[in-house]
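# An overview of the molecular structure
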Amino acid sequence: MEEAIARIMFAHKNHSQILDLSGLRLRELPKELATLTSLVVLDLSFNSLTRIPESINNLKNLESLNLSHNCFTYILGIGFSFPCALPLTKIDLSYNLLTQIPEDIFHIESLEELILMGNELLKDVPSLIIERGYISIYNFINELILSEKTNYLLEAKLIFVGQGEVGKTSLMKRIIDPKYTLIIGHEPTTHGINIQKWEQDIYFTDKELLEIFNETKYEVDPDPEDDYYSYIDYNEPSPDAISDKVGSYIHDDFDEEYRNELFNVDYGTFINPLHIYSKYYRSEEDIDELNFKPATFNIWDFGGQEIYYSTHQFFLTKRSIYIFVWDARKEEDYRSFEYWFNTINILSEKSPIIIVMNKSDDRVKQIDEAQLLKNFPNIIKFCKTSCLTGDGLSSLIDSIHRSFTKLPHIGNKLPNIWLTIREKLNNTRKDYIQYESYLELCRNYGVDENRANLLSSYLHDLGDLLHFQKDELLNQLVILNPDWVTNAFYNLIDSRKIQNNYGKFSLSQLPYIWNINQHPVSKHIQLVRLIENFELCFNIVGSKDYIIPELLPATPPQHLDYQSINNEARFEYSFNFLPSGLITRFICRNFLLIEKKIFWKNGLLIRYEDSLALISNDPLNKKIKIKVNGEYKTELLGIIRNEFNTIFDTLGLKADNDYHEMIPCNCPLCITAKDEYIYYFRYSVLKRFLKKEKQSIACQHSTEDVQISSLIKGYDKIKYSERIMENIIIACSQLQGNHKLLINNKEDSRNTLIANILNNRGIIARDQARWGSSYTKKSPGEIDIKLETSHGTILGIFEGLNLSYIDTQKIHLHLEKIFFYDPNGTESNYIVVYSDADNFIDLWLKYQKVALSAKYIYQLHGGFNDISNDYLCGANIKIGKTTFKVNDKLNSVYHVFVNMNFK
């Protein structure tokens, strides 16, 4: 206690922001702690605390609190007040004695991260739920409590990958159906993804039963006159026992030739494990005593054509087993190993891989297995198969079974009611159902809407169904068959007409591309929106035209409207392995910034204010290159890096592991050199040099020393832009596609939808928040939407109004009151006009004149500027800008005009 008080007094004297009281064996905290109002970070780990004192609520600046390795058990609360005013964003409660999440944790509105590992409460919580955060954990535990029974999840994805025409589909068919007959030359090419189910009985060892299911296997009572039973000892298998030979069947290192001799079966014959084990038992009842459990494999067979590569990032998932199939007859297949194994490792967190050399009856080729295992240790087996003769199929099935038992999610305990509802959904044999139908099914089993949403989110993460709860256009659709979506997209990219049009298509074309019996016209807009969600296409807002960047021309246009200048900023991403689709996803995320429609499959030109950036993909050198010029080049580079970092995060790419951020040298030689001769430093290396108090570093081309501070200036801190305007335009575009689904077309209904979309895009939009003074100045005013950061900083206000004709008084009222709501003058405010007029353009032109005649309390600076061409918009969204001088600063009001009669 004395040491703790001494540290507290020192921190008080120095107004410290960080205090470490860890490892002091404290059972309670000194009352003096309450005086440290400057504290931002407090470490109380490795003590014996069971409660925190109420006085901790006085630490008004506390953001991070470490309570790990203590003795907290009390589920009703650990000491936070209600309401809790602390700005806590992170609490570490790992390695305590908690069986539930303390209730007062939910009083902390600012909390972003709660660490709970090492607590009893996580014992039965699936990793899928843990990854979703503490609220999902809390809800899941309550679900287990509410459920009378629980059961285990025994299901996994089995994903076939590899180049085209190597026999993936034939191999899949042969393991599903041992009687399947392959007819050479008659197997169709897989376009997109083929999804099948495969039911199997999987053997679990005694140890696995105990570790996975917490089940104990009892030894079979042997008959002394039966030699077979005398060999069986589950706990202590002897070297010469038959059980060892059986055990060799269920492990990866068994001798295949000896096993065939033992069981007297044809090597190429499909083997059911029950048939094998039945040789050692006298009756079916004895067979039931074995450690078999029924399991389901969801087999995904991927088309191997390169055009599909950009979609792998969405369907190659963890909690899966991968079958990489190659054909020894094709040299290019061997060169594809690096692509597939790296892609699997990045996207699936190093899930197990089984390498299958198919068509072994025709040719066998040796590969360097040792080197592959060294580079990719998640390879668990090398197999040789022939779909024609059946050779090697039993070995492959053995390996699949053993991999299944080792997947981390196998044996997850789930509420039995969840599995029942899931089975009912699967038995509907429908591609999709409406959300209300899903809720009705759940209610029939006593599951309310909140619990139903938790279930659908779990099944969504598992890949069993698709339900995008946060998307206003998609949340009313529960997609039961993911194949329904994937086929829709692959039909688009396989369309010769869309290919010839370089990826551009219109909603009106879809009935001629899709089978309307399978993909009804009423669902076309939602299907396209789903493809947009995957960042595989984007909508030219204000139109019904879409573009699939993967089908764009591979080379840039001949005349790029970008000039390199001496003081431009350059930046590169250098990859150990460059995944497909990074640049096309960037295009989909940032299409509104594209300058003069200059973009192609491997690059684009974007504008921010008066600055331009040229971004290009260099697949041969595994690089993405960026050049930026103009007054706002630092801000634009910050936007670009932020967007790429977001994409990298979704793929699990790690800086300095999977890729490196590279900064150009500014020595005299490099400044004047051509692009290919400029030396680039790793950003992380520069930071390490600075940490060691090194001020300079040598260029590897010129050998000249350069100042590190001059290299990282402008790069050291990414300046993120909220990019409100782009998000409002996208939200308005989604409103256009969604307006028929609204209950009514009132302003409030439309504003609420816009607010929801903005919130889902990361902009905090508080619908009808009370802020500022009212238009009459008599009471607190109510605005339509307040836009702010996560820290509460005001970004702007949003006003929306319906307009069918020119109503001068209504327009003036909305425009004039903006400044009453915003007396301090935020940099930008927004007014969105929902036009229900028959003649959209005529109303837009008249509105501009009326907007200029309003009685603003601040001076209008210039006229009404139509800036629609600054954004990649169609004819049904128009954008204007007026500028005012507020408190000696120029502030803007953006006018977004949306055609709601858009057909």
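Residues numbered from 1 in each chain as written. Predicted model: local features only at pLDDT ≥ 70, side-chain atom pairs only at ≥ 80, totals over all residues. Heavy atoms only, no water.

### Considering the overall build of the protein
Just so we agree on the cut-off: Numbering of helices and strands runs from the N terminus, with a helix taken as a DSSP run of H or I at least four residues long and a strand as a DSSP run of E at least two residues long. Note on classification: 1.4 Å probe, protein chains only; a residue is buried when its accessible area is under 20% of the maximum for its type, exposed when over 50%, partly exposed between these limits. Any two residues having at least one pair of non-hydrogen atoms within 4.5 Å are treated as being in contact.
A tally of helices and strands in the protein yields 31 helices and 37 strands. In the protein, which comprises 903 residues, the proportion classed as buried is 55%. Once local pairs closer than 6 in sequence are excluded, the contacts in the protein between residues at least 24 apart make up 64%.

### Focus: the environment of F140
Mapped onto the elements, F140 comes out in helix α3 (residues 134–146). You can call F140 buried: its relative accessible area is 0%. Put simply, F140 and L454 are 314 residues apart on the chain and 7.7 Å apart in space, counted from C-alpha to C-alpha. Sequence-distant contacts of F140, that is, excluding residues within four places in its chain, are made with D124, V125, P126, I129, K413, L414, P415, W418 and L454.

### A closer look at the environment of V485
Looking at the secondary structure, you find V485 in helix α19 (residues 482–494). For the pair formed by V485 and L530, sequence separation is 45 residues and the distance between their alpha carbons is 8.0 Å. Those residues in contact with V485 that sit more than four places away from it in its chain are L466, I479, L527, L530 and F534.

### Some details on the confidence of the model for the protein
Heads up, the condition is: On a scale of 0 to 100, pLDDT captures the predictor's confidence in every residue.
Scored by pLDDT, the protein comes out at a mean of 81, with 84% of its residues at no less than 70. Counted against residues more than four places away or in other chains, residues 219–288, with its pLDDT under 50, gives 91 contacts.

### Let's talk about the sheet that holds strand β21 (residues 603–608)
How we decide: By definition, two strands form a pair when at least two bridges between them are found by DSSP. To get an axis, fit a line to the C-alpha atoms, keeping to the stretch in contact for a helix; angles then go from 0 to 180 degrees between the N-to-C directions.
Spatially, β20-β21-β22-β23-β19-β24-β25 is the arrangement adopted by the seven strands of the open sheet, whose pairing is antiparallel. A single partner strand is all that each edge strand has here, and the edge strands are β20 (594–600) and β25 (680–682). The average angle at which neighbouring strand axes cross in this sheet is 20°, direction not considered. Looking at chain direction, β21 and strand β22 (residues 611–618) are connected through six bridges and run antiparallel. Within the sheet, the bridge partner assigned to G603 lies in β22 and is S616.

### Considerations on the nonpolar core
The tendency in soluble globular proteins is for nonpolar side chains to be buried as a group. The condition is simple: The nonpolar core is taken to be a set of buried Ala, Val, Leu, Ile, Met, Phe, Trp, Tyr and Cys residues, with the residues joined through side-chain atoms within 4.5 Å.
Counting residues in hydrophobic clusters, the biggest one holds 140 residues, and the most contacted among them are F341, I606, I615, I640, F644, I728 and L787. Core analysis: the second largest hydrophobic core is formed by 67 residues, I52, L116, W418 and L455 among them.

### Details of the sheet that holds strand β12 (residues 379–384)
The strand order β8-β9-β7-β10-β11-β12 describes an open sheet built from six strands, whose pairing is mixed. The open sheet has two edge strands with one neighbour each: β8 (193–203) and β12. Neighbour-to-neighbour, the strand axes of this sheet turn through a mean angle of 20°, independent of strand direction. Examined bridge by bridge, strand β11 (residues 353–358) and β12 share five bridges and lie parallel to one another. In the sheet register, I353 faces β12, and the bridge partner there is I379.

### Section: helix α4 (residues 168–176)
When you tally the buried positions in α4, you get seven out of nine residues, the bulk of the element. Looking only at α4, the buried set comprises K168, T169, S170, L171, M172, R174 and I175. Close packing links the buried residues of α4 with β7 (155–161), β8, β9 (292–302), β10 (320–327), β11 and α15 (393–406).

### Digging into the packing of aromatic side chains
Heads up, the rule is: Note on ring pairs: Phe, Tyr and Trp rings are taken, using the six-membered ring of Trp, and paired if centres are within 6.5 Å. Classes follow the plane angle, with under 30 degrees stacked, over 60 edge-to-face and the rest tilted. Note on criteria: charge over ring means Lys NZ or Arg CZ within 6 Å of the ring centre, with the direction from the centre no more than 35 degrees off the ring normal.
Per the stated rule, a full pass over the model turns up 38 aromatic pairs. Measuring from ring centre to ring centre gives 5.0 Å for F297 and F404, while their planes differ by 55°; the resulting arrangement is tilted. Here F297 is found in strand β9, whereas its partner F404 is found in helix α15, with 107 residues between them in sequence. Its relative accessible area of 0% is what places F297 among the buried residues. On the basis of an interplanar angle of 15° and a centroid distance of 6.5 Å, the ring pair of W844 and Y847 is categorised as stacked. Of the two residues, W844 and Y847 are both situated in helix α31 (residues 840–852); the distance of three residues between them amounts to about one turn of the helix. Directly above the aromatic system of W300 lies the positively charged group of K157, at a separation of 3.9 Å from the ring centroid.

### Remarks on the pattern of salt bridges
Stated formally: Any carboxyl oxygen of Asp or Glu that lies within 4 Å of a side-chain nitrogen of Lys or Arg is treated as forming a salt bridge with it.
Per the stated rule, a full pass over the model turns up 28 salt bridges. A salt bridge links D464 to R422; the shortest N-O distance between them is 3.0 Å. In this pair, D464 sits in the loop between α18 (449–462) and β15 (477–479) while R422 sits in helix α16 (residues 416–427), placing the two residues 42 residues apart along the sequence. Under the relative-accessibility criterion, D464 is labelled buried at 8%. A salt bridge links R443 to E436, with the shortest nitrogen-to-oxygen separation between them at 3.0 Å. Residue R443 is classed as partly exposed on the basis of its relative accessible area, which comes to 44%. Ionic contacts of the salt-bridge type, sharing partners, join the residues E535, R585, R589, E643, R723 and E726 into one network.

### Description of a negative patch on the surface
Our working definition: Only residues whose relative accessible area exceeds 30% and that form no salt bridge are eligible for patches; like-charged ones are grouped when within 9 Å, while nonpolar side chains (Val, Leu, Ile, Met, Phe, Trp, Tyr) are grouped when within 5 Å. Working definition of accessibility: Shrake-Rupley area with a 1.4 Å probe, residue cover restricted to the visible protein chains. Here the positive residues are Lys and Arg and the negative ones are Asp and Glu; neither His nor the chain ends is included. Think of each charge as sitting on NZ of Lys, CZ of Arg, CG of Asp or CD of Glu.
A contiguous patch of negative charge on the surface is contributed by E609, D610, E631 and E827. With respect to the element layout, D610 can be found in the loop between β21 and β22.

### Description of the pairing of strand β23 (residues 623–629)
Burial of β23 is extensive: five of the seven residues sit out of reach of the surface. As defined by bridge partners, strand β19 (residues 569–575) adjoins β23 across six bridges and the pair is classed as antiparallel. Each bridged residue has a counterpart across the sheet, and for Y573 the counterpart in β23 is I624. Sheet analysis places β22 next to β23, joined by seven bridges and oriented antiparallel. Residue I615 lies in a different strand from β23, and its bridge partner there is I626. Connecting β22 to the antiparallel partner β23 that follows it, the hairpin turn spans four residues, and K622 within it adopts a positive phi of roughly 55°.

### Focus: the side chain of N899
Applied cut-off: Any N or O atom pair separated by 3.5 Å or less is treated as a polar contact, with the protein-specific requirement of one donor-capable and one acceptor-capable atom, and with residues adjacent in sequence counted only for side-chain atom pairs.
You can see N899 is positioned in strand β37 (residues 889–899). Reaching out from N899, the side chain makes a polar contact with the backbone nitrogen of N901 at a distance of 3.0 Å.

### A closer look at helix α1 (residues 2–13)
Our working definition: Helix span, expected: 1.5 Å multiplied by one less than the number of residues in the helix. Note that the arc is computed from the directions linking the helix axis to the C-beta atoms.
Between the first and last C-alpha of α1 there are 17 Å, a value that for twelve residues agrees with the 16 Å anticipated at 1.5 Å per step. All of the buried residues in α1 are A4, I8 and A11. Looking down the long axis of α1, one finds its buried residues gathered within 65° of arc, a one-sided arrangement. In α1, those exposed residues whose orientation departs by more than 90 degrees from the buried face are E2, F10 and K13. On its buried face, α1 sits against β1 (18–20). Backbone geometry just downstream of α1 places H15 in the positive-phi region, at approximately 50°.

### Thoughts on the packing of α16 against helix α17 (residues 435–444)
Note the threshold: Orientation categories follow fixed angle ranges, with anything under 35 degrees roughly parallel, anything over 145 roughly antiparallel, 65 to 115 roughly perpendicular, and all other angles oblique. Less than a right angle of anticlockwise turn of the near helix away from the far helix marks a crossing as left-handed, whereas a clockwise turn marks it as right-handed.
α17 packs onto α16 with a crossing angle of 135° between their chain directions and a minimal axis gap of 10 Å. Taken together, the axis directions place α16 and α17 in an arrangement best described as oblique. Both α16 and α17 take part in a crossing whose hand is right-handed. Within the contact between the two elements, α16 uses I421, K424 and L425 and α17 uses Y438, L441 and C442.

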